[in-house]
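The residues making up each chain are set out below.
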Amino acid sequence: MRNLELSVGAKAACRAFVDGETEIWNLTIPVLELPQGLPFGPNARNASLDAKPAKAMLKTLSSEPEKFVLYNSGIMLIADQIKATRGEGGDFTVRMKLNVPTSDDEGDFLGHGVLNGGHTYKSLMHALHGQHKRGESYPRIASAYVQVSVAVGIIEDEIKNISRSRNLSLSVPLYALKNLAHDWKPIEEALPEQYRRNVLFKPNEEWDDEKASYDVTDLVRRLALVNNKLFDFRQDKHPLKAYSSPGSLVQGWKVEDYKEVIPLLKDILWLEQKIMEQHVKVNGTGASGKKIVISKVSGCSAKPMKLITGDEIPLTIGEIFYMPVLAGFRVLLRDGQWTKPVEELWEEWGPQLVDRLWDTYKSEGRSSASAFARSKSTWSTLTNMVAMQFVQI
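Please read these numbers as outputs of a predicted model, since none were measured by experiment.

### Some thoughts on empty space enclosed by the protein
In total, this model carries 2 cavities of 30 Å³ or more according to the counting rule given. In this model, the second largest cavity occupies a volume close to 60 Å³. In this structure, the second largest cavity is lined by Val-8, Ile-29, Leu-34, Pro-35, Leu-38, Ile-75, Leu-77, Met-96, Tyr-121 and Val-148. Residues belonging to the lining of the second largest cavity are distributed by class as follows: 10 nonpolar, no polar and no charged.

### Considerations on the sheet that holds strand β3 (residues 22-30)
Sheet architecture is open: 5 strands sit in the order β2-β3-β8-β4-β7, paired in mixed fashion. Each having just a single partner strand, β2 (12-19) and β7 (113-116) make up the two edges of the open sheet. Here the strands of the sheet are splayed against their neighbours by 30° on average, with no regard to which way each runs.

### Observations concerning the sheet that holds strand β5 (residues 81-86)
If you trace the 3 strands from one edge of the open sheet to the other, you get β1-β6-β5, paired in antiparallel fashion. Bordering the open sheet on either side are β1 (2-10) and β5, each of which pairs with just one other strand. Neighbour-to-neighbour, the strand axes of this sheet turn through a mean angle of 15°, independent of strand direction. In this sheet, strand β6 (residues 92-100) lies alongside β1 in antiparallel orientation, the contact comprising 9 bridges. Residue Asn-3 lies in a different strand from β6, and its bridge partner there is Asn-99.

Calculation notes
Residues numbered from 1 in each chain as written. Predicted model: local features only at pLDDT ≥ 70, side-chain atom pairs only at ≥ 80, totals over all residues. Heavy atoms only, no water. 1 Å grid on protein atoms, 1.4 Å probe; cavity = no way out; pocket = protein on both sides within 12 Å on 5 of 7 lines; lining within 4 Å. Points joined across faces, edges and corners; volume = space filled by probe spheres on them. Nonpolar A, V, L, I, M, F, W, Y, C, P; charged D, E, K, R; others polar. Pairing = 2+ DSSP bridges. Helix = DSSP H or I, 4+ residues; strand = E, 2+ residues; numbered from the N terminus. Axes fitted to C-alpha atoms, helices over the stretch in contact; angles between N-to-C directions.

As structure tokens, this is what we get:
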């Protein structure tokens, strides 16, 4: 991890929202002040100058740069710290610090940087510093401003959720577009009918009693957890993307990559429920009547949780406490088939995998559930635990 410290001039700076340690600042920045090299780690989508929005932005910057701030919705950054100082002339100096993962960091930590507005940032960097091979010019770009919102005090567990919401909150979400193309038909056919009302395959799909709690993205994530084609345990590859980058799984969906595991969807959801029930058994109310500490861990609580199966458990269990366990079961797959009936595999491996994950967290990750989640060793520990015993046998 490295610290990236920035200093920018702003026409206006306002702390628009405060809730405990969480703050959102709204800045109006001359585009000439916008720093180069901001990381795109938290952004769920790839920005491209060939995209229609980027082309429209570049046209505005070329012909009507003074209107850019009106036509463009701006950029959202996630930062660790921010401080604004007003100068004598009324303008502001804004200093920010971002935490950025390096190549030495394990896991798939998103880090700080551009969370939303990637096309805006890339277009501005091209107009300011790019090679204009098509002969375009931006002679009055100094008159352009951009709105930048900066969120600080955001726990790392929440960055991926915000990114997913901001970047998939399109007029038609990406999963819905793929539904129109019938990409999800194999998943929908494999999903037991009694679970169907709990999963959205298109926006605003509702049932008579209540709106679904999950969407098809959640099913893709679970299929990825046991997918040895994409995350082969023999090559020490692990499905951290299912936890941290669900948008990239939807974006890169190819049915041929999942054809062996889609028929196992019912078993996967059954295993997930057994994992949750084991956590309740281990982390429920003890004999003394005291609540066990998992309910105080980030992402967990004492509130009930509804599963994709429709069943409810009395604790909310964070994703990091069941996803690596599910991922460990991919060792027990051969050519799309379980090596034994899934019920036998659960009895043989399930409880000890849950216990091992919880014990590992207590010994290694107590101070930071998010750091524990993004560590490759968290995932490899359980997978290797099965592999070392089962593969030898």
